[in-house]
Amino acid sequence: MEQLKTIGRELAMSSQGGGWAGQSKEFLDLVKSIGEARSKAEEDRIILREIESLRRRIAEPDVPRRRMKEYIIRLVYAEMLGHDASFGYIHAVKMTHDDSLPLKRTGYLAVTLFLSDDHDLIILIINTIQKDLRSDNYLIVCAALTAACKLINEETIPAVLPQVVDLLAHSKEAVRKKAVMALHRFYQRSPASVSHLVSNFRKRLCDNDPGVMGATLCPLFDLITEDVNSYKDLVISFVSILKQVAERRLPKTYDYHQMPAPFVQIKLLKILALLGSGDKQASGHIYNVLGDMFRKSETSSNIGNAVVYECICCVSSIYPNTKLLDAAVEATSKFLKSDSHNLKYMGIDALGRLIKINPDIAEEHQLAVIDCLEDPDDTLKRKTFELLYKMTKSTNVEVIVDRMIDYMISINDNHYKTEIASRCVELAEQFAPSNQWFIQTMNKVFEHAGDLVNIRVAHNLMRLIAEGFGEDDEGADSQLRSSAVDSYLRILGEPKLPSLFLQVICWVLGEYGTADGKYSAAYIIGKLCDVTEAHLCNDTVKAYAISAIMKICAFEIAAGRKVEMLPECQSFIDELSASHSTDLQQRAYELQALLCLDRQAVENVMPLDASCEDFEVDTNLSFLDGFVEQSIENGASPYIPESERAGMSSVNNFRSPYQQEASGHTLRFEAYELPKPSSIPVISQVSISAPTADLVPVPDMTYYRESDQASKISSVAEASSADIGIRLRLDGVQKKWGKPTYSSSSSSTTAEKATNGVTHVDGGVKSQSRDISHDSRRQQSEVSSEKQKLAASLFGASASKTEKKPASTHRVAKGNTANAERSGVTRAVSPEISKAKVAPSSPPPDLLDLGEPIMPTSTPTMDPFKELEGLIGPTLTPASLDNPATTSGPKAPDLMALYTDMPTGSSSSGVTLASGDAYSADKSSSLAKSVPTTKKGPNPQDSLQKDATARQVGVTPTGNNPNLFRDLLG
Amino acid sequence: MALLLDRCNDSYALLLLNCRQGKVRLTKWYSTYSQKERTKAIRELSGVILSRGPELCNFVDWRGRKVVYKRYASIYFCMCIDVDDNELEVVQIIHHFVEILNIYFGSVCELDLIFNFHKVYYILDEILIAGELQESSKRAVSRLIDAQDSLVEMAKEEASLIRSMIAQVTK
């Protein structure tokens with residue numbers, strides 16, 4: 001009887017119609033109990049119990065199919081709540097094989113939610129997807145296409161691609177649309193596999209169905225982002241489509257809040273922005289329609305504003321037009337003046353785009369911007385900081401960076417803290433008005449965001465302190481250094497300094513702590529020992545500290561004073577001598593050894609203030625020549641240059657056919673493509689130098705070789721690094737100041753002090769821009785009101801137009817030329833060394849490696865990629881030629897057809913769209929017939945019923961009113 | 001409750017969250033994440049979103065991406081998007097989705113979404129594919145009704161099955 005009751009209840013519920021039909025009491029109870037769970041722990045307990053029971057029951061033999069469907073849905077539920085239901089994946093896969101559509105759909109839904117595209121089970125679904133794509137029932141085809149979007153990966157694309165392409169011509173627009181989206185997805189996964197199908201997207205643009213046309217815009221947007229120039233011919237078509245959409249030529253069903261197909265409009269505007277960017281002619285076609293859209297803009301609804309915003313983006317992206325700019329500025333100011341935070345946010349964003357074209361636009365809105373800056377809304381505030389970052393110049397850098405640092409201190413979000421810290425650093429490096437200010441700012445950044453900052457920043461700071469102004473007088477430099485030392489000694493008193501900052505402090509104290517004679521050596525050494533005790537430091541800080549101590553001792557000895565070892569210093573040295581880190585040990589022993597040397601030797605080992613000096617690296621390793629000659633005389637085989645090695649390696653290949661076969665295999669799941677330029681020569685060299693492989697039994701050969709090579713590659717690469725690219729390897733290696741100092745002593749005779757000014761490019765240029773800023777700063781005017789003052793400091797004094805963008809490019813360019821100059825100068829100074837140098841482009845590694853390598857190395861690192869491109873380039877072309885039938889044959893006429901089809905004026909495409917209109921009118925009339933029977937609009941009785949059911953099931957809705965969205969949706 | 005939708009690598013992700021307890025009602029991920037990453041993301045996001053006041057804007061920065069959220073009664077609909085997406089548009093995509101839900105369920109309420117989460121997934125699959133808006137017409141509803149029809153047929157079958165069972169039992 002009890003059983004009967006539940007059955008009756010189920011029946012009652014299933015008759016509720018739109019309610020929750022078709023699920024068992026058990027499942028409803030589960031969902032209900034989850035809904036009522038008081039804590040996460042309770043929820044977890046319930047779900048774990050559920051998973052256990054499902055695991056048992058799903059494995060039972062002969063589970064009825066409908067029951068199985070529910071189990072799968074329950075698994076989806078468990079997985080959605082963050083639990084592992086992997087034991088059921090295979091059952092979901094099986095369910096996709098089912099013939100019944102509801103079950104199949106459930107199966108597909110479950111697998112798309114369960115499996116990632118690299119899951120092993122995917123291979124079991126491919127066949128089903130292939131079969132379903134051929135199905136007569138378009139709903140099954142749709143389900144399969146939806147699943148394909150999620151599940152098909154790069155390797156399996158070829159398995160379904162032909163069928164999906166065929167479906168582009170399906171009679172149902174829903175299928176065509178999904179096929180377009182699937183191809184788009186394939187393109188995202190692997191552009192090469194569908195690159196020959198690009199013309200299909202162009203064709204779909206003229207589809208009768210606006211939905212298909214709208215969907216086609218997604219892949220086209222991606223394609224155009226990749227390669228703008230191939231699609232310039234479509235500008236006119238896009239413009240005319242946009243025009244017609246805006247003129248309400250699309251079916252009414254596409255209207256959204258009285259706007260005609262706004263989502264399509266936005267997508268089109270995005271595409272036009274790309275096409276018109278920097279292209280005067282293309283932009284010319286766009287002006288008209290944009291002007292119309294501004295004029296007719298609907299700013300009372302959200303969606304209207306979204307379209308207006310997109311128009312502004314488009315205006316700021318295409319070739320500037322004064323009229324449109326004015327309209328955009330006006331729209332932006334409307335956004336900024338709005339009460340809605342959303343619109344203010346969009347306004348700030350739009351302003352950030354517009355000032356790229358004309359920086360003066362910001363001035364008009366200064367007060368609005370300041371309001372946003374002080375808004376309690378964090379998102380808005382951050383957006384405003386982004387805007388300020390974009391409009392920073394040397395006149396307002398101090399105000400902006402101060403504000404940023406204050407905000408940085410106030411937040412906890414590490415991700416954003418890192419970002420804003422790096423922005424502060426960037427702005428400070430670019431626009432700093434004085435070195436003093438720069439150091440203070442950097443100190444603040446390090447203190448509050450220390451370990452989040454890039455290590456390069458620390459190196460830059462150290463270099464700046466070491467070099468000072470570069471060409472300026474020594475007096476200012478030493479003043480700068482002693483002020484830095486002062487500030488660091490003060491900061492050391494604070495608890496919990498980040499390790500990176502401690503490194504900087506130790507280095508500066510070691511280098512300049514005793515330079516001005518204000519502090520005694522013992523005092524500084526004492527402080528340095530304190531550093532390692534007071535702060536929990538890692539080995540790097542300790543290394544910096546002991547090296548600093550060593551330098552101070554060396555300077556003392558060189559100056560003829562006797563060094564008194566403090567007890568705490570002695571114990572520090574003892575501690576490090578027994579350290580697990582060999583690096584620390586070595587430094588400790590070196591210090592002890594140094595203390596025993598006489599004055600002359602110490603002066604040579606550790607010259608005073610030598611941190612800025614260059615030393616040369618002999619990349620040719622010419623000092624080994626004697627050794628090489630001797631070895632050859634003793635019978636060693638001579639070194640064969642890479643270029644001459646090719647022939648030999650091919651001979652070698654023929655000896656091991658297995659190797660080739662393995663590499664030619666098509667289904668390679670693990671692509672171990674090492675960086676090509678270096679690995680190819682290395683491998684061939686290995687096969688020459690490692691004949692051991694020949695001794696191995698044939699069947700195992702490939703495997704053995706692979707692992708053998710892998711291990712060899714590293715050693716060989718190391719050995720021949722001089723040949724393959726010493727530059728690349730250098731910047732990966734962490735450098736400490738100690739060792740280079742040593743090598744500098746050997747080369748300090750050749751590296752002239754005179755090169756200093758020229759060598760350190762960054763410093764020189766930076767100080768130049770700083771000089772400019774000094775002058776312009778004086779022009780700032782004082783205004784009474786605090787806000788106006790802030791506004792003035794941010795926006796005012798625009799007289800000096802040192803904009804960021806030009807400044808930065810200028811700097812880079814200058815850096816490069818100066819760089820070239822520099823190698824020239826060094827060569828002139830030391831001709832005998834330049835003879836030995838092979839690659840003039842490789843700069844001699846800076847003594848301290850204070851971030852300097854970044855600019856020079858960026859050029860060499862580009863080269864391997866170019867080579868790579870060169871390697872890939874020719875192979876691509878044959879790949880696309882693989883399908884001559886599909887690419888060149890029928891495609892060409894298609895393209896022609898496309899061109900003739902493409903609307904040249906609005907009239908011809910008006911016909912296509914109008915026909916679409918008629919078509920959908922038919923459609924909507926048939927729809928209207930079916931709607932009344934199935935659709936149940938919002939109606940109070942309904943919701944009452946639903947409420948009653950809810951109570952019957954025992955769920956109390958969390959919202960007060962179960963009719964939740966009614967008020968919102970009207 | 002909340003609905004989370006994550007759009008990264010050119011795709012949205014979606015999350016439904018309960019505003020009271022921060023309970024997740026529905027998630028849809030368009031890129032691959034491990035279960036652990038998902039849990040962490042949901043925890044972080046619900047913390048950020050639930051703590052925001054009603055007057056503030058509907059966007060939050062989150063790990064270098066943006067999350068657009070909108071509250072409907074007790075449910076937050078959240079969508080994670082790329083930095084260069086149009087936020088206002090995404091708010092409207094969410095609204096579009098809610099309107100379609102409303103048409104489908106007939107004045108939709110939280111319970112509809114809880115008990116019919118699989119249907120919500122179906123609807124979502126019709127509106128967004130791989131995170132791109134694929135259908136901006138509510139005519140998508142017609143297709144949904146088509147699909148639903150077959151489901152209803154099945155429910156009818158089930159009901160008749162039960163009826164015959166009852167008939168057998170009561171005999």
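Fair warning: this is a prediction, and the values are worked out from it, not measured in the lab.

Engineer: Looking at this model, I keep getting lost on the overall build of chain B. Mind explaining?
Structural biologist: A tally of helices and strands in chain B yields five helices and eight strands. Taking contacts inside chain B between residues at least 6 apart in sequence as the whole, the part at least 24 apart equals 47%. Here chain B has roughly 5500 Å² of accessible surface; of this, 52% comes from carbon and sulfur atoms.

Engineer: Teacher, can you tell me more about the side chain of Thr392(A) here?
Structural biologist: Residues and elements named next belong to chain A. Inspection of the secondary structure assignment puts Thr392 in the loop between helix H22 (378-390) and helix H23 (397-410). Only 2.8 Å separates the side chain of Thr392 from the backbone oxygen of Leu388, close enough to count as a polar contact. Polar contacts involving the side chain of Thr392 include one to the main-chain carbonyl oxygen of Tyr389, which spans 3.3 Å.

Engineer: Please explain the packing of helix H6 (residues 101-114) of chain A against helix H7 (residues 122-133) of chain A as it appears in this structure.
Structural biologist: Helix-helix packing is characterised by the crossing angle of the two axes and by the distance between the axes. All names here are of chain A. Viewed as axis vectors pointing N to C, H6 and H7 meet at an angle of 135°, and their least axial separation amounts to 13 Å. Relative to H7, the element H6 lies oblique. Read as a crossing pair, H6 and H7 show a hand that is left-handed. Of the residues in H7, those in contact with Lys104, Tyr108 and Val111 of H6 are Ile125, Thr128, Ile129 and Asp132. Its residues placed into classes, the contact of H6 with H7 shows four nonpolar, one polar and two charged.

Engineer: Can you help me understand the packing of helix H15 (residues 262-276) of chain A against helix H17 (residues 302-317) of chain A in this one?
Structural biologist: All names here are of chain A. Put simply, H15 and H17 touch, their axes get as near as 8 Å, and they point 5° apart. If you check the angle between H15 and H17, you find them roughly parallel. Counted together, Pro262, Phe263, Gln265, Ile266, Leu269, Lys270, Leu272, Ala273, Leu274 and Gly276 of H15 and Ile303, Ala306, Val307, Glu310, Cys311, Cys314 and Ser317 of H17 form the full contact between these two elements. The class makeup of the residues in the contact of H15 with H17 is 12 nonpolar, three polar and two charged.

Engineer: Sorry, what's going on with unusual backbone geometry here?
Structural biologist: The phi torsion of most residues other than glycine is negative, and most of the peptide bonds are trans. Residues and elements named next belong to chain A. Even without being glycine, Arg248 reaches a positive phi, approximately 60°. Relative to the assigned elements, Arg248 resides in the loop between helix H14 (235-246) and H15. Overall, Arg248 belongs to the partly exposed group, its relative accessible area being 45%. Residues other than glycine seldom take positive phi values, yet His257 does so here, at roughly 50°.

Engineer: Is there a simple way to think about the environment of Asp84(A) in this case?
Structural biologist: Residues and elements named next belong to chain A. Mapped onto the secondary structure, Asp84 falls in the loop between helix H4 (65-80) and helix H5 (89-96). In this structure the C-alpha to C-alpha distance between Asp84 and Phe114, which are 30 residues apart in sequence, comes to 9.6 Å. For Asp84, the contacting residues outside a window of four places in its chain are Ile51, Glu79 and Tyr89. In terms of polar contacts, Asp84 uses its side chain to reach the side chain of Ser86, at 2.9 Å.

Engineer: Sorry if this is basic, but what is going on with the packing of aromatic side chains here?
Structural biologist: Given two aromatic rings, one states the distance between the centres and the angle between the planes to describe the pair. Residues and elements named next belong to chain A. Using the criterion set out here, one finds 17 aromatic pairs over all chains in the structure. The interplanar angle of 75° and the centroid separation of 6.2 Å between the aromatic rings of Tyr407 and Tyr416 together place this pair among those described as edge-to-face. Judged by relative accessible area, which is 6%, Tyr407 ranks as buried. Relative accessible area serves as the criterion here: at 7%, Tyr416 is assigned to the buried category.

Engineer: Is there a simple way to think about the nonpolar core in this case?
Structural biologist: By size, the foremost hydrophobic cluster in this structure holds 272 residues, and its most contacted members are Leu115(A), Phe238(A) and Tyr488(A). Counting residues in hydrophobic clusters, the runner-up holds 13 residues, among them Ile42(B), Leu45(B), Val67(B) and Cys80(B).

Engineer: Please clarify how the environment of Asp377(A) should be interpreted in this entry.
Structural biologist: Here Asp377(A) is to be found in the loop between helix H21 (366-373) and H22. Judged by its relative accessible area of 0%, Asp377(A) falls in the buried class. Considered as a pair, Asp377(A) and His341(A) are 36 residues apart in the sequence and their alpha carbons are 8.3 Å apart. Filtering out sequence-adjacent residues up to four positions away, Asp377(A) remains in contact with His341(A), Arg52(B), Leu56(B) and Cys57(B).

Engineer: What's the story with the pattern of salt bridges in this structure? I'm lost.
Structural biologist: Opposite charge on two side chains permits pairing when their charged atoms draw close. Within this structure, the stated rule accounts for 38 salt bridges over all chains. A salt bridge links Arg202(A) to Asp233(A); the nearest nitrogen and oxygen atoms lie 3.0 Å apart. You can see Arg202(A) sitting in helix H12 (residues 198-204) and its partner Asp233(A) sitting in the loop between helix H13 (210-226) and H14, a full 31 residues away along the chain. A relative accessible area of 8% places Arg202(A) in the buried class. Exposure remark for Asp233(A): the relative accessible area of 35% places this residue in the partly exposed category. In this structure, the salt-bridge partner of Lys66(B) is Glu87(B), at a minimum N-O distance of 2.3 Å. Here Lys66(B), found in strand E5 (residues 65-72), pairs with Glu87(B), found in helix H2 (residues 87-105); they are 21 residues apart in sequence, far enough to count as distant. The burial state of Lys66(B) is the same as that of Glu87(B); both residues are buried. Taken together, the salt bridges that share partners define one network made up of Glu26(A), Glu50(A), Arg57(A), Glu70(A) and Arg74(A).

What counts, and where the lines are drawn
Residues numbered from 1 in each chain as written. Chains lettered and ligands numbered in written order. Predicted model: local features only at pLDDT ≥ 70, side-chain atom pairs only at ≥ 80, totals over all residues. Heavy atoms only, no water. Helix = DSSP H or I, 4+ residues; strand = E, 2+ residues; numbered from the N terminus. Contact = heavy atoms within 4.5 Å. Areas by Shrake-Rupley, 256 points an atom, 1.4 Å probe, with all protein chains shown as cover. Polar contact = N/O pair within 3.5 Å; in protein donor to acceptor, adjacent residues only side chain to side chain. Axes fitted to C-alpha atoms, helices over the stretch in contact; angles between N-to-C directions. Parallel < 35°, antiparallel > 145°, perpendicular 65-115°, else oblique. Left-handed = near helix turned anticlockwise from the far one by under 90°. Nonpolar A, V, L, I, M, F, W, Y, C, P; charged D, E, K, R; others polar. Buried < 20%, exposed > 50% of the residue type's maximum accessible area, 1.4 Å probe, protein only. Phe/Tyr/Trp six-rings, centres within 6.5 Å; stacked < 30°, edge-to-face > 60°. Core = buried A, V, L, I, M, F, W, Y, C linked by side-chain atoms within 4.5 Å. Salt bridge = Lys/Arg side-chain N within 4 Å of Asp/Glu carboxyl O.

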